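The lines below spell out each chain.
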Amino acid sequence: MGRFDSISTDPPIDVFHLTELFENDGNPSKVNLGVGVFQDENGKTPTLPVVRSVEQSMAQDLTLDKNYLKSVGLDSFCQACLKLVLGEQSSSIIENRACSIQGLSGTGCLTIGLEFLYRNGYKIGYISSPTWSNHLSIMQAIGFDVKRYRYWNKEKLNLDIDGLLQDLQDAPENSVILLHACAHNPTGCDPTREQWQQISDVIKQRKLFPFFDFAYQGFSTGDLDQDAWPIRYFADHQKHELLVAQSFSKNFSLYNERVGHLTGVFSSRDIIPKFRSQLTTIIRRIYSNPPAHGAHIVATILCNPTLYSEWKNNVRTMFERIQSMRQLFYTKLKQLGTPGNWDHIITQHGMIAFTGLNPRQCQTLLQQHHIYLMSDGRINICAITQKNIDQISKSFYEVITT
Ligand code: PMP
């Protein structure tokens, strides 16, 4: 009898399970709309040209070594990321009230940021309904009492701003409010600037704590500064204390390098050394220090004006592909006369579209049409190509009309 004979198996992670089903499907025309990574017209997740060129020069650079970084990461990376998120002119940076930590991509930065809050007395966390599933898992594992705020209006297929504001209004003081800064996953629905102002007002009035998840800078409007607007409004205009978990998986296409950045903005510069010391302890315990390769790539690009403008063009190219596939999908659904209003396909932002299909329709798409998508109807817009668009739209038409 072994020690572990009686342990249980965890339920599969939905999106990994979907990929497994897809891989086991022998049908040559199968399509996977499930996994949330950028894909080009050939279905490939490309390494950005600007990243390739920096990697080529890094390979020749004999000054680069493999020594440990500090627990809080590479300084040049941190300084550059802080400007990218808060803006060159940020009063939080000028007044030295902003602190910068390198972390293991978005997931890692959310984790260490939430660990910091939990150990300092923040025990209640609010996530949007729906949200990226890891928000729930991370908060629960740390020990938060997790609650949900309304976000998606199922009938109108848009943001339930009244429900959202009401739920924040009812939240206990010091609750942590996890917000998607842009390109909300999975609904693709972002608050307008006026709505962000309302959200900021309630958060301030109710003494809640905003934590921004910033995984898609550049993917919502195609403009890095515009996508950062809510964060800058909260930090510099409204003087909130806040955290931001920034991921470079998507906008640098550095998925497996695990490059991320945690920003803390505080009311006084005196908090910074305390925050850094606590984060050092948290990181030391979990993974000791972060990897350097991806951080070095990002720092090199952000600190060099020519490379920076090349990167902006690369982001723009990805954004334009997303927009054109949204438009194409919308046009095809309309041409087929698919019942329903499909405006949300072109008004939503980012890679993920929330189609509005119900779980039964999603199941039929999978079983009868070999089109794989999550049961809540979210799809990765970048998985659409000129080759598969007709098959996808006709299949949608069929499951909706039969
Ligand atoms: N937040 C959201 C909303 C996401 O969609 C993702 C990626 N799917 C992440 C964070 C983090 O991803 P990563 O850990 O690769 O940066």
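Residues numbered from 1 in each chain as written. Predicted model: local features only at pLDDT ≥ 70, side-chain atom pairs only at ≥ 80, totals over all residues.

*Asks:* Give me the lowdown on the site of the ligand, citing residues and values where you can.
*Replies:* Around the ligand, a shell composed of 13 residues is seen, among which Ser 105, Gly 106, Thr 107, Ser 247 and Ser 249 lie nearest. Per element, the largest residue contribution to the shell around the ligand is 3 residues, and it comes from helix 5 (residues 105–119). Split into classes, the residues belonging to the shell around the ligand amount to 3 nonpolar, 9 polar and 1 charged. (Near = placed C-beta within 6 Å. Helix = DSSP H or I, 4+ residues; strand = E, 2+ residues; numbered from the N terminus. Nonpolar A, V, L, I, M, F, W, Y, C, P; charged D, E, K, R; others polar.)

*Asks:* Hey, could you go over the UniProt feature "domain: Aminotransferase class I/classII large" (unreviewed entry) in the protein for me, with residue numbers and the actual values?
*Replies:* Sequence positions flagged by UniProt for "domain: Aminotransferase class I/classII large" (unreviewed entry) are, in local numbering, residues 29–392. For residues 29–392, the end-to-end C-alpha separation is 10 Å, with 45% helix and 16% strand making up the annotated structure. (UniProt positions renumbered as here; feature names shortened; annotations may be inferred.)

*Asks:* Go over helix 11 (residues 271–286), please, and point to the residues and values.
*Replies:* Owing to its 3.6 residues per turn, the α-helix aligns residues three or four sequence positions apart on the same side. End to end, helix 11 covers 23 Å across 16 residues, agreeing with the expected 22 Å (1.5 Å per residue, within 8%). Positive phi appears at Ser 288, one or two residues downstream of helix 11, with a value of about 70°. (Expected span 1.5 Å × (residues − 1).)

*Asks:* Outline the nonpolar core, supporting the account with residue identities and numerical values.
*Replies:* Ranked by size, the top nonpolar core spans 107 residues in total, and within it Val 85, Ile 177, Phe 211, Ile 231 and Val 298 carry the most contacts. Of the domains in this structure, domain 1 (14–47 + 319–401) and domain 2 (75–303) are the two that each give at least three residues to this core. In this structure, Val 298 is in contact with Phe 77, Phe 248, Phe 252 and Val 259, ignoring residues within four places of it in sequence. (Core = buried A, V, L, I, M, F, W, Y, C linked by C-beta atoms within 7 Å. Buried ≥ 20, exposed ≤ 12 C-beta atoms within 10 Å, placed from the backbone. Domains from an automatic or database assignment. Contact = placed C-beta atoms within 7 Å.)

*Asks:* Residue-level account of the packing of helix 5 against helix 6 (residues 133–142), with values.
*Replies:* Two numbers describe how helix 5 lies on helix 6: the axes approach to 10 Å, and their chain directions differ by 35°. Considering only the axes of helix 5 and helix 6, their crossing is right-handed. Mapping the contact onto sequence places Thr 107, Leu 110, Thr 111, Leu 114, Glu 115 and Tyr 118 in helix 5 and Asn 134, Ile 138, Met 139 and Ile 142 in helix 6. Looking at the contact of helix 5 with helix 6, its residues break down into 6 nonpolar, 3 polar and 1 charged. (Axes fitted to C-alpha atoms, helices over the stretch in contact; angles between N-to-C directions. Left-handed = near helix turned anticlockwise from the far one by under 90°.)

*Asks:* Go over the environment of Glu 55, please, and point to the residues and values.
*Replies:* Within the element layout of this structure, Glu 55 appears in helix 2 (residues 49–60). Along the chain, Glu 55 and His 296 lie 241 residues apart, while their C-alpha atoms are 9.4 Å from each other.

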